[in-house]
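Here is how the chains run, residue by residue.
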Amino acid sequence: MFKANSFLDVVKHLLIMGVIVAALILGFFYYYLPSTTNHGESISVPKITGMQLQDADALLEEQSLRYFINDSTYKPDQKPFEILTQDPAPGAKVKEDRKIYISVNMKNPPMIKMPKLIDGSVKNAELILKSYDLRKGKITYVPDLQQNAVLKQFVGGREVKPGEMVPKGALVDLHVGDGLGNTEFEMPSVVGMPVDEASVLLVGQGLQIGNIIYVQGSDEPNGTVLKQRPFAEVGAKIRVGELVDLWVAGQEPVQGID
């Protein structure tokens, strides 16, 4: 064992020991630790949106990164477990072992309450469906006096009432009124009548006046109905709401200006 011969020798050895300790500390923190932990180095975040969760997991593990699912939603036009968003964004510089926060597309859609579309217009139904993350399906026009009004709503071929539970993103088929009724009756004849009286008669029976074509050179008094379409043949039937075109003697009246 070394024995100091003087105070100077003790000081000298203490200084040597201090230098050695300082060198060890500096070497550990500035050479050994950085070389074993990649201290000071950064990793570029890869793009994982659009990838399947399993594939993204493997890619992040290769680059010493982790992920955390902080949100999930359902999009019917994208695959189950597809990554929808990520944070940090692709290309961002991070340290290793950093968490990448992601949202994932769910495998099964959540159930939501079916909104009320009945009695509203098709355009209004489209807006409501979009706000509920539902999709407009097939539109079928059926005889009904409510023109362009939604009469029934279907999901998967089954009629659903407002408030019933349906899958989010489901296709909703609609039955819509065509403005015509189901009731058929014998086609009335208005030939030979003044056009004003003919119009009142037709409208009173639930029909609509279509085109009025004026014909000059007729022997009939002006304003007399010369022909109609559909024709009032024996046994001819017409439905409520249908159009009737009229041919009228004379010139088209000029509308006065107030």
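- The protein chain appears in an unreviewed UniProt entry as Penicillin-binding protein from Pontibacter actiniarum.

**Re the nonpolar core**
For step 1, the next point in the chain: In this structure, Met114, Leu117, Leu134, Val155, Val166, Val172 and Leu174 are the most contacted members of the largest nonpolar core, which totals 16 residues.
For step 2, the next point in the chain: Within the residue set of this core, elements represented by two or more residues are helix H3 (122–131), strand E8 (150–155) and strand E11 (171–177).
For step 3, the next point in the chain: The greatest single-element share of this core, amounting to four residues, is contributed by H3.
For step 4, the next point in the chain: Among all residues touching Leu174, those that are not within four sequence positions of it are Leu117, Ala125, Lys138, Ile139, Thr140, Val150, Lys152 and Gln153.
For step 5, the next point in the chain: Core analysis: the next-biggest nonpolar cluster, separate from the first, contains 14 residues, Phe185, Leu207, Ile238 and Val244 among them.

**Thoughts on the packing of aromatic side chains**
For step 1, the next point in the chain: The final tally for this structure, using the stated rule, is one aromatic pair.
For step 2, the next point in the chain: Lys227 extends its terminal NZ or CZ atom over the ring of Trp247, reaching a point 4.2 Å from the ring centre.

**Topic: the sheet that holds strand E16 (residues 243–249)**
For step 1, the next point in the chain: Spatial strand order, E13-E16-E14: three strands in an open sheet with mixed pairing. Single-partner strands in this sheet number two, and they are strand E13 (208–215) and strand E14 (225–229). If you compare each strand with its neighbour and ignore which way they point, the axes differ by 20° on average.
For step 2, the next point in the chain: Here four bridges tie E14 to E16, and the two strands are oriented antiparallel to one another.

The rules behind these values
Counting starts from 1 at the beginning of each chain's written sequence and moves along it residue by residue. The predicted origin of the model limits local features to residues at a pLDDT of at least 70 and limits the giving and counting of side-chain atom pairs to 80 or more, whereas totals for whole chains, interfaces and linings rest on all residues. Excluding hydrogens and water, the side-chain figures rest on all heavy atoms present in the structure. Residues grouped as a nonpolar core are buried Ala, Val, Leu, Ile, Met, Phe, Trp, Tyr and Cys residues, joined through side-chain atoms within 4.5 Å. Exposure categories follow from relative accessible area, calculated using a 1.4 Å probe and restricted to protein chains: below 20% of the type maximum is buried, above 50% is exposed, and the middle band is partly exposed. Strands are runs of DSSP state E lasting at least two residues, helices are runs of H or I lasting at least four, and both sets are numbered from the N terminus onward. Contact criterion: two residues are considered in contact whenever any of their non-hydrogen atoms come within 4.5 Å of each other. Note on aromatic pairs: the rings of Phe, Tyr and Trp (six-membered ring only in Trp) are paired at centre separations within 6.5 Å, and the planes decide the class, stacked below 30 degrees, edge-to-face beyond 60, tilted for the rest. Only lysine NZ and arginine CZ atoms are considered, and such an atom sits over a ring when it is within 6 Å of the ring centre and within 35 degrees of the ring normal. Strands were regarded as paired on the criterion that DSSP finds at least two bridges between them. As a rule, the C-alpha atoms of each element are fitted with a line to give its axis, helices using only the stretch in contact, and angles between N-to-C directions run from 0 to 180 degrees.

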